[in-house]
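Here's the letter readout for the chains.
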Amino acid sequence: MRNKKVAMLLLLVLVVFSTMNVAQVSAKSKKISVWIGWSQLMPVYQEAVADYKKKTGADVEVLAFPLREFERKLAVSLPAGNAPDIFVTSEYIIPQYIEAGFVSEPPKAITKFINSSFDPMTLELNTFNKKIYGVPQIGIARILYWNKGLFKQAGLTDAPKDWNELVEYAKKLTVYDDKGKVVRTGISLRKFGGGSGVTEKFQIFLAGAGGNILTKTSNGKWRAAYNDEAGRATLKLYIDLIHKYKTDSFDTKQDTEAFALGHTAMFIREVWPIPYFKTTAPNISFGTTTIPGKVAGKSGTVYSTESAFVPKSSKNAKAAWDFIMFFNEKKYMRMMLEDIGWPVPRTNIDFSDIYKREPAYSAAMERPKGYVLSTYPPIAPADEIWTKLGERLEAAFRDSSLVDNPTGIKKVLDDAAKETNKILQDNGLY
Amino acid sequence: MPGTKFGYSLKKGSGIESNKLRYALLVMIPIFLLYLVLRIIPILGTFYLSLFDWNLIKPRRPFIGLKNFINIAGDKSFWLAFSNTMIFTVFVVVISVLLALILALALKKKTRIGGLYEFAYFLPVVIPMVPVSIIWKWMYDKTYGIINYLLTSLGLTAVGWLTDPNIALISIIIMSIWKVLGYYMVLFLVGLRNIPEQYYEAAVVDGANSWQVFRSITFPLLKRMTLYVSVIATIQALNVFTQVYVMTTGSQGAPLASVRVLVYEIYQNGFRYFKMGYASAQVIVLFAIVLTISLIQFKLLRTED
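Cut-offs and rules
Residues numbered from 1 in each chain as written. Chains lettered and ligands numbered in written order. Predicted model: local features only at pLDDT ≥ 70, side-chain atom pairs only at ≥ 80, totals over all residues. Helix = DSSP H or I, 4+ residues; strand = E, 2+ residues; numbered from the N terminus. Rg over C-alpha atoms; globule rule 2.2 N^0.38 Å. Contact = placed C-beta atoms within 7 Å. Buried ≥ 20, exposed ≤ 12 C-beta atoms within 10 Å, placed from the backbone. Pairing = 2+ DSSP bridges. Axes fitted to C-alpha atoms, helices over the stretch in contact; angles between N-to-C directions. Parallel < 35°, antiparallel > 145°, perpendicular 65-115°, else oblique. Left-handed = near helix turned anticlockwise from the far one by under 90°. Nonpolar A, V, L, I, M, F, W, Y, C, P; charged D, E, K, R; others polar. Domains from an automatic or database assignment. Core = buried A, V, L, I, M, F, W, Y, C linked by C-beta atoms within 7 Å. pLDDT = per-residue confidence, 0-100.

Caption draft 1: How the structure looks around the overall build of chain B. Along its length, chain B carries 13 helices and 2 strands. At 25 Å, chain B has a C-alpha radius of gyration far larger than the 19 Å of a compact globule built from 305 residues. Taking the principal axes of the C-alpha coordinates as reference, chain B spans close to 65 × 60 × 30 Å. The contacts in chain B between residues at least 6 apart in sequence include a share of 68% that link residues at least 24 apart.

Caption draft 2: Expanded view of the overall build of chain A. The number of helices and strands found in chain A is 17 helices and 15 strands. Taken over C-alpha atoms, the radius of gyration comes to 24 Å for chain A, in line with the 22 Å a tight globule of 430 residues would show. Each principal axis of the C-alpha atoms in chain A carries an extent, and together these give about 85 × 50 × 50 Å. Per-residue burial over chain A gives 47% buried out of 430 residues.

Caption draft 3: Summary view of the sheet that holds strand β12 (residues 266–269) of chain A. All names here are of chain A. The sheet built from 3 strands is open, its strands ordered β12-β7-β13 with antiparallel pairing. In this open sheet, the two strands that pair with only one neighbour each are β12 and β13 (286–289). For this sheet the average axis-to-axis angle between neighbouring strands, irrespective of direction, equals 25°. Looking at chain direction, strand β7 (residues 143–147) and β13 are connected through 4 bridges and run antiparallel. By the bridge assignment for β13, Y145 is matched with T288.

Caption draft 4: Focus on the packing of helix α16 (residues 382–397) of chain A against helix α17 (residues 406–426) of chain A. All names here are of chain A. In contact at an axis separation of 10 Å, α16 and α17 are set at 165° when each is read in the N-to-C sense. Viewed along their axes, α16 and α17 adopt a mutual orientation that is roughly antiparallel. The interaxial crossing formed by α16 with α17 has right-handed handedness. Within the contact between the two elements, α16 uses E384, I385, K388, L389, R392 and A396 and α17 uses V412, A416, E419, T420 and I423. Taken together, the residues of the contact of α16 with α17 sort by class into 6 nonpolar, 1 polar and 4 charged.

Caption draft 5: Here's a closer look at the domain arrangement of chain B. Assigned domains within chain B: domain 1 (16–49) and domain 2 (75–301). Using only C-alpha atoms to locate each centre, domain 1 of chain B and domain 2 of chain B end up separated by 33 Å.

Caption draft 6: Focus on the interface of chain A and chain B. Contacts between the two partners involve 25 residues from chain A and, on the opposite side, 23 residues from chain B. For the side of chain A that touches chain B, the secondary-structure elements that each account for two or more residues are α1 (2–30), α3 (67–80), α4 (94–99) and α16 of chain A. The biggest single contributor to the side of chain A that touches chain B is α16 of chain A, with 5 residues. Classifying every residue of the side of chain A that touches chain B by side-chain character gives 9 nonpolar, 6 polar and 10 charged.

Caption draft 7: Representation of the environment of L78 of chain A. Residue and element names in this part refer to chain A. Position of L78 relative to the elements: it lies in helix α3. Note on L78: 23 C-beta atoms within 10 Å, which makes it buried. For L78 and A100, which are 22 residues apart along the polypeptide, the C-alpha to C-alpha distance reads 9.8 Å. Not counting residues up to four positions away in its chain, the partners in contact with L78 are A83, Y97, F102 and P311.

Caption draft 8: Spatial organisation of the nonpolar core. By size, the foremost hydrophobic cluster in this structure holds 178 residues, and its most contacted members are I86 and F323 of chain A together with A100, I172, Y184, M185 and F188 of chain B. If one sorts the elements of this core by residue count, helix α7 (residues 168–193) of chain B sits on top with 14 residues. Residues contacting I172 of chain B, with those up to four places away along its chain left out, are F88, Q243, V244, M247 and V259 of chain B.

Caption draft 9: Highlighting the domain arrangement of chain A. Residue and element names in this part refer to chain A. As assigned here, chain A comprises domain 1 (31–141 + 305–360) and domain 2 (143–302 + 375–426). Taking only C-alpha atoms into account, the centre of domain 1 sits 29 Å from that of domain 2. Listed by partner, the interface residues are 18 residues for domain 1 and 16 residues for domain 2. In terms of residues, the side of domain 1 that touches domain 2 owes the most to one element, α4, which gives 3 residues. The class makeup of the residues in the side of domain 1 that touches domain 2 is 11 nonpolar, 3 polar and 4 charged.

Caption draft 10: Focus on the pairing of strand β15 (residues 371–374) of chain A. All names here are of chain A. Burial along β15 is one-sided: the residues V372 and S374 are buried and none of Y371 and L373 is. Both strand β14 (residues 299–309) and β15 contribute to a ladder of 4 bridges, which runs parallel. Within β15, the position partnered with V302 by the bridge is S374.

Caption draft 11: Seen up close, the environment of D353 of chain A. Residues and elements named next belong to chain A. Mapped onto the elements, D353 comes out in helix α15 (residues 352–357). Judged by the 10 C-beta atoms lying within 10 Å of it, D353 falls in the exposed class. A sequence separation of 15 residues divides D353 from E338, and the C-alpha atoms of the two residues are 9.9 Å apart.

Caption draft 12: Up close: the confidence of the model for chain B. Residues and elements named next belong to chain B. When pLDDT is averaged across chain B, the result is 88; 91% of the residues are at 70 or more. Strand β1 (residues 4–5) is the least confidently modelled element of chain B, averaging 47 in pLDDT, while helix α2 (residues 67–73) averages 95, the highest of any element. Here the complex is predicted with pTM 0.83, and the ipTM for its interfaces comes to 0.78.

Following this line, the structure appears as structure tokens:
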């Protein structure tokens, strides 16, 4: 009798569990799910979701995760077939998923829209094996921020135009206490934290010196390219700014936070700090400009994009593409730039009034003559290469023995290049 | 009692007792199944994965035998993480176990004020590691942290607790000792309070001093608990991850190489680079290290009943 009761109980649990699972799957198929790695974009998505619901009656659920967590969730969910209906990611993350066959191509009408709505660089970055898979949402060029008030105090009127001016200005803008310790840096370089970001900021200056992290060979393979003269000059610039002239420090606040607090006079970032400063540091008077190159008139920056993709596993693919196109309407694209500070690389939307109201944004769109846009290569191990190079660069930035030490600088970059080439080799890309 | 096992009579015909046994086994089946699914199968799966070039995303996953293990042998990043982890483990285990024992000896007698101290030392144990790490990260902040505020108000120089690569690991060690001290102290207190008072009374009568009492009575009778605490402390220390991840990653944090630990290395390979096969091999190596050290501890501290 008791055994029968236990068996009945187990059967009941099984039935309830199965029903829940079916209900969950059923509920999922009626709702469009969207995953993004930038929580700053939520206000725009929320507005679009509300409007879309009014228009179509369809529910859209948008979830934002910290970037690295988002990338990990994607890595687990896409192969398992549990991915959302839409995910937004960058052109250096998506190639591995396209290669593995997890990403669907857009319908022909959407491909036609993409080809007619974006600039050539954005299209090139999002083309894989001559096909476009996602709809670009954001196109980000890194820019230099400079504190106008601190510049004026130092007798400077404009942002630096080349590396010589960058160094001289940084020296004038740095403030020391009576013990000779830096209390305000002339420039806050990205010296540590989140490996690939360190490499990306290094890549910005490298572009300005005419170099690149990787180079593509004639047979379609890749090689480390940063251990050349441009790379050595870039690492020397870092070492000089940090150790030789002591215009940057590991001991002060860093990056955006430092700039908002007035603890640094210059730093390099994407465009999102512009609305961030409006709320956190409204009194700060700052300007933005293109990155100064090694020589005036020859410079560059890093440019990357974020695009919306639909996985092959999506059960709501038609609805997902429909929402993506809805989100790409002028209203939301303008919100992305004006309210959030993420530039949209659309050629058929007029943003000029926004640039007039907020001239700081326009630096991200400027493409002066000789300005190179350095990008991430569309290869699967890009993140590993960038992260591991970043770890080596972090160690090098701390090494004061590299001051006026070209042999040491060469060794650092040659050793790093060996590791990069090994990663490429392991992935059949060398 | 003859003919019994587990206190139950297994003689044929003792229907009520065998029913109880059957019922007990039936109730435990779901737990065993859960353990099998959540522990045993994943562990065996890890051994299996380590023999493949298994990328989370790539569809091709060729069998490569022991190649992952051979690659580990030449992986400088892994051995740096190993070195940092061993330094961390030695310092945390030795200092926390010794300090815990000293505190337990001091609080052995039950008093009201002793109870307050026990509570105060145990409090860090119950707070989750993540919020604790965030709080300590702020305390260690070079510019705004309270520790540097106190140091500078005493005329000393501010320290880059998490930004100086020579100090970052020490900072994590200090925080980790603070976090676990109370737990080991409570365990030692349990062990100490279970030692019969007659032994101490007899020792006093024989004229033994404190050190002789500790060496001849307290420590031998506490060996089992010391073994347990040492093994637990070592396993936990070798698996350090959360505080390293929370306190040192990000643009205001320390260069990771100076605090790179084994579990973080595994995490990077598995969940950043998606090299699951290689990460699994690293897990196996970590498992072997933990097992070896635990066996050594058992050998050294084992008591004979």
